[in-house]
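Chain by chain, the residues run as shown.
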Amino acid sequence: MTENCVFCKIIKGELPARVVYEDEDVMAFLDINPVSKGHTLVVPKKHYRNMVDAPDDVIAKIYTIAKKIGVAAMNALGAKGFNVISNNEKVAGQEVFHFHVHVIPRYTGDELRYDVKGYKYAEGEADEVVKKLNEALK
Ligand code: 5GP
Ligand code: ZN
């Protein structure tokens, strides 16, 4: 447990939350400030800052539960699909520094946008980017 971590406090029962799923490793609860009906956060019970620090098996489990919750929202809430999003570090919008994944149920006509495509590669830049990533992933 990390002092003053709001998600650690929820996991310890020191703060209330609307829990939608729980097992020995994972807790999932409604986001306090939802962007859609059923917006859920899937959180490992052990504290990791974000995906950079979390072990691969923890990441795999969190995403597996995220899928289950998304499907449950389709089956039980009338969602027609869902987004699974993880913000890693401040520049990416991370506000709570305890690894979590957002499951955002999507409804016909909800007009949420996560697909704004604004970046334009300069001449030759895309090839450079692929080369650098290929190298970093070796
Ligand atoms: P981030 O931007 O770090 O990916 O998202 C953090 C999320 O946690 C936000 O969507 C925010 O609404 C949610 N959140 C922050 N504090 C609390 C809380 O005390 N309880 C719950 N249920 N959600 C919280
Ligand atoms: Zn924590």
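These lines cover the structure that appears in this document, whether it is placed above or below.

About the thresholds
Residues numbered from 1 in each chain as written. Chains lettered and ligands numbered in written order. Predicted model: local features only at pLDDT ≥ 70, side-chain atom pairs only at ≥ 80, totals over all residues. Heavy atoms only, no water. Helix = DSSP H or I, 4+ residues; strand = E, 2+ residues; numbered from the N terminus. Buried < 20%, exposed > 50% of the residue type's maximum accessible area, 1.4 Å probe, protein only. Contact = heavy atoms within 4.5 Å. Donors = N, O, S within 2.8 Å, 3.2 Å for Na, K, Ca; no water. Tetrahedral: all angles 85-135°; square planar, octahedral: opposite > 155°, others 65-115°. Salt bridge = Lys/Arg side-chain N within 4 Å of Asp/Glu carboxyl O. Near = heavy atom within 4 Å. Polar contact = N/O pair within 3.5 Å; in protein donor to acceptor, adjacent residues only side chain to side chain. Areas by Shrake-Rupley, 256 points an atom, 1.4 Å probe, with all protein chains shown as cover. Nonpolar A, V, L, I, M, F, W, Y, C, P; charged D, E, K, R; others polar. Phe/Tyr/Trp six-rings, centres within 6.5 Å; stacked < 30°, edge-to-face > 60°.

1. Concerning the overall build of the protein
Move 1: Counting its regular elements, the protein contains 3 helices and 5 strands.
Move 2: Listed N to C, the secondary structure of the protein is α-β-β-β-α-β-β-α in terms of helices and strands.
Move 3: For the protein, the C-alpha atoms occupy an extent of roughly 50 × 40 × 25 Å along the three principal directions.
Move 4: Buried positions account for 32% of the 138 residues belonging to the protein.
Move 5: Taking the intrachain contacts of the protein between residues at least 6 apart in sequence as the baseline, contacts between residues at least 24 apart amount to 50%.

2. Focus: the coordination of the zinc ion (ligand 2)
Ideal geometry at a metal gives 109.5 degrees between four tetrahedral donors and either 90 or 180 degrees between six octahedral ones.
Move 1: Only Cys-5 (SG), Cys-8 (SG), His-47 (ND1) and His-98 (ND1) from the protein reach the zinc ion (ligand 2) as donors, at distances of 2.0 to 2.3 Å.
Move 2: Coordination at the zinc ion (ligand 2) comes from 4 donor atoms whose angles at the metal span 103 to 116 degrees, giving a geometry best classed as tetrahedral.
Move 3: One chain supplies every donor to the zinc ion (ligand 2), and in sequence these donors are spaced C-x2-C-x38-H-x50-H. Of this pair, Cys-8 sits in helix H1 (residues 6-12) while His-98 sits in the loop between strand S4 (81-85) and strand S5 (101-106), and the two are 90 residues apart along the sequence. Like His-98, Cys-8 is buried.

3. Considering the pattern of salt bridges
Move 1: Across all of its chains, the model carries 8 salt bridges by this definition.
Move 2: Its salt-bridge partner being Lys-45, residue Glu-22 comes within 2.8 Å of it at the nearest N-O pair. Of the two residues, Glu-22 sits in strand S1 (residues 19-22) while Lys-45 sits in the loop between strand S3 (40-44) and helix H2 (56-76), which places them 23 residues apart along the sequence.
Move 3: Lys-138 is the partner of Glu-135 in a salt bridge, and the nearest nitrogen-oxygen pair spans 3.3 Å. Taken individually, Glu-135 and Lys-138 each receive the classification exposed, so the pair is uniform in this respect.
Move 4: Among the charged side chains, a salt-bridge network with shared partners connects Asp-23, Asp-25 and Lys-61.

4. Quick notes on the site of ligand 1
Move 1: Around ligand 1 there are 16 residues in total, and Asp-31, Gly-93, Glu-95, His-100 and His-102 lie nearest to it.
Move 2: Within the side chain of His-100, an N or O atom sits 2.7 Å from an oxygen atom of ligand 1.
Move 3: Residue His-102 places a side-chain N or O atom 2.8 Å away from an oxygen atom belonging to ligand 1.
Move 4: Against a free-state accessible area of 520 Å², the protein chains account for coverage of 83% of ligand 1.
Move 5: Those elements that place two or more of their residues in the shell around ligand 1 are H1 and strand S2 (26-30).
Move 6: Top element by residues in the shell around ligand 1 is H1. It accounts for 3 residues.
Move 7: Its residues assigned to classes, the shell around ligand 1 shows 8 nonpolar, 6 polar and 2 charged.

5. Focus on the packing of aromatic side chains
Move 1: In this structure the tally under the stated criterion is 2 aromatic pairs.
Move 2: Judged by centre distance (5.4 Å) and plane angle (75 degrees), the rings of Phe-7 and Phe-29 are edge-to-face. With Phe-7 in helix H1 and Phe-29 in strand S2, this residue pair connects regions lying 22 residues apart in the sequence.
Move 3: Their ring planes at 85 degrees and their centres at 5.2 Å tell us that Tyr-119 and Tyr-121 sit as a pair that is edge-to-face.

Scope: geometric values only; no functional claims are made or implied.
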